[in-house]
Every structure is written in structure tokens, then in C-alpha cells.
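Each chain is listed here by its residues.
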Amino acid sequence: MNFHFENLIKLVKKLLAQWRRRNLTILCKIQVIKSLIISKFLYRLLNTTVSETIVKEINKLIFNFVWNGQDKIKRLAMINDIDKRGFKMTHLESAIKAQRILFLKRYSNNENRSWKDILHSCLRNVGGSFLLKCNFDVCSLPITLPCFYKECLKSGTTLMEWDNETLNGVLEQPTWNNKFICIQNKSVYYPQLIKMGILTIENMLTESGNFLGFNELKKKETTLTMAKYFLWLGIVHSFPCEW
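Residues numbered from 1 in each chain as written. Predicted model: local features only at pLDDT ≥ 70, side-chain atom pairs only at ≥ 80, totals over all residues. Heavy atoms only, no water.

What to know about the packing of helix H3 (residues 52-67) against helix H5 (residues 92-108)
Then, number 1: Direction vectors running N to C along H3 and H5 enclose 130 degrees, while the axes themselves pass 10 Å from each other. On the basis of their axis angle, the class for H3 and H5 is oblique. In contact with Val55, Ile58 and Asn59 of H3, H5 contributes Leu92, Glu93 and Ile96.
Then, number 2: Residue classes in the contact of H3 with H5 are distributed as 4 nonpolar, 1 polar and 1 charged. (Axes fitted to C-alpha atoms, helices over the stretch in contact; angles between N-to-C directions. Helix = DSSP H or I, 4+ residues; strand = E, 2+ residues; numbered from the N terminus. Parallel < 35°, antiparallel > 145°, perpendicular 65-115°, else oblique. Contact = heavy atoms within 4.5 Å. Nonpolar A, V, L, I, M, F, W, Y, C, P; charged D, E, K, R; others polar.)

Overview of the environment of Pro240
Then, number 1: With respect to the element layout, Pro240 can be found in the segment after helix H11 (226-237).
Then, number 2: The sequence separation of Pro240 and Cys182 amounts to 58 residues, and the corresponding C-alpha distance is 9.0 Å.

Some remarks on the pattern of salt bridges
Then, number 1: The full count for this structure, using the stated rule, is 4 salt bridges.
Then, number 2: A salt bridge links Asp71 to Arg75, with the nearest nitrogen and oxygen atoms 2.6 Å apart.
Then, number 3: Its relative accessible area of 33% is what places Asp71 among the partly exposed residues.
Then, number 4: Ionic pairing is found between Glu111 and Arg113, a salt bridge with its closest N-O pair at 3.2 Å. (Salt bridge = Lys/Arg side-chain N within 4 Å of Asp/Glu carboxyl O. Buried < 20%, exposed > 50% of the residue type's maximum accessible area, 1.4 Å probe, protein only.)

Some remarks on H3
Then, number 1: With 16 residues, H3 extends 22 Å between its outermost C-alpha atoms, agreeing within 8% with the 22 Å of an ideal straight helix rising 1.5 Å per residue.
Then, number 2: Listing the buried residues of H3 in full gives Ile54, Val55, Ile58, Asn59, Leu61, Ile62, Phe63, Phe65, Val66 and Trp67.
Then, number 3: Backbone geometry just after H3 places Asn68 at a positive phi near 55 degrees. (Expected span 1.5 Å × (residues − 1).)

Written out as C-alpha cells, the structure is:
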């Protein structure tokens, strides 16, 4: 167990033991958990990762506190609003995911902040914040990321709803960092071709639905080199057969 969280677990146990002596209702106990436990836990996660083991341990402690022992009803039922026979309990895993997503939203806004420089440097080879507009899979990106940034990006992908089934849905997808367009199991990002106006899969096709050939690409950039053309061919040949 990470020392960073060992102390937190000890603190949680101590706080809950103090409040356990009071004859609190379930709703009061949940308020204690939200105010004193979950807030402290999420604060520790502002810039660090957490294992599933730690999350399970925190959940075990807080639900044991609520019921003075084993659970009386399903935990997922407890997060429902009170008018839906729930207790409006915070779902810890969802709270963590929401915090990660908020981190990405702050990164992608237009404000200049020094803390963004580290993440931007990590994402430089996949377009920086442009990555967040792509149909990407963290495991397919051709870059190495710290665990915290990986967690944030994985959480961000859960909000993305890409249409991978219909023709229009596929055509509207960005070509770059696309998890379905991989070379040697890694997605691609080529600024050289982006500068030619190729952003989406639709940009790669002629009006008749064929991939642009050398002559069509020359119309986009008269100084097209064979090196860029070979990059292009690599992408074309990596398209999924079902597309």
C-alpha cells in the first residue's frame, strides 16, 4: 500500500471511530462521509493515482460505518436520490472519474497555466489538447505517459460517443490518433499531412469514395514529397477491412 494512502486509511479509521460513538441516523452518517472522508480522499487524488485496492478499502470502511457492519442494501441503490428510495450516497469510483475528467477540461481550455506544460509536453507527439477531440485508445498511443495522465485520459474516453457503425459516423471521425487506424498496433499523428488539410477520414477520400492518389494530394500541396506520400500510403493500408 502506498505510504501516501496508508496515512489516509489510518486517518479515516480514526475519524469514523470518533463519529461511530454518536447515535447518528444513516443520512447523518452519509453527510459525515461526504464532508470528512470523501473530500479528503479526492483532495489526495488531485495529482496522483490510486489503486483499486485502496478504493475498495475506503469503500469497505465507509459502508461498514454506515451500517455498523455488513451492508443492508445494495451499494448502488444507495446512490439514488432520496425520492427514489436511495440515500444520495456518493459513488466513489464515479467521483474519481469526474475529477479526472474535470482535470482534462481545465487542460483543454484557453487559459495559460504553468501546470499544463508538463502534460502538453507528454502529448506533444499526438497533438497536445487536439488528442481530446480524437477517437483514441490510451493503450494505442505511440507515447509514454505517467500513470496519473493515463487515468485521466481513460476517464475522458468514457464520455466520448463515436459512431463506428454508420458511414457518416466513420467519415466524421478524425484520422489522427484514431484507435482503429494503427500501424504496428499504434495510432498515428502526422502534422505534415494535417497541414495539407487532412483532418478527418472524409478528407482522405475523393468525391467517388476512393482514397486520394498521388495526383490528388499534389493539388493539396504542390511540393508533395515521396516521403509524405509513403506516410499517406501507410495510413491507407492500415484502415480496418470493415470500413
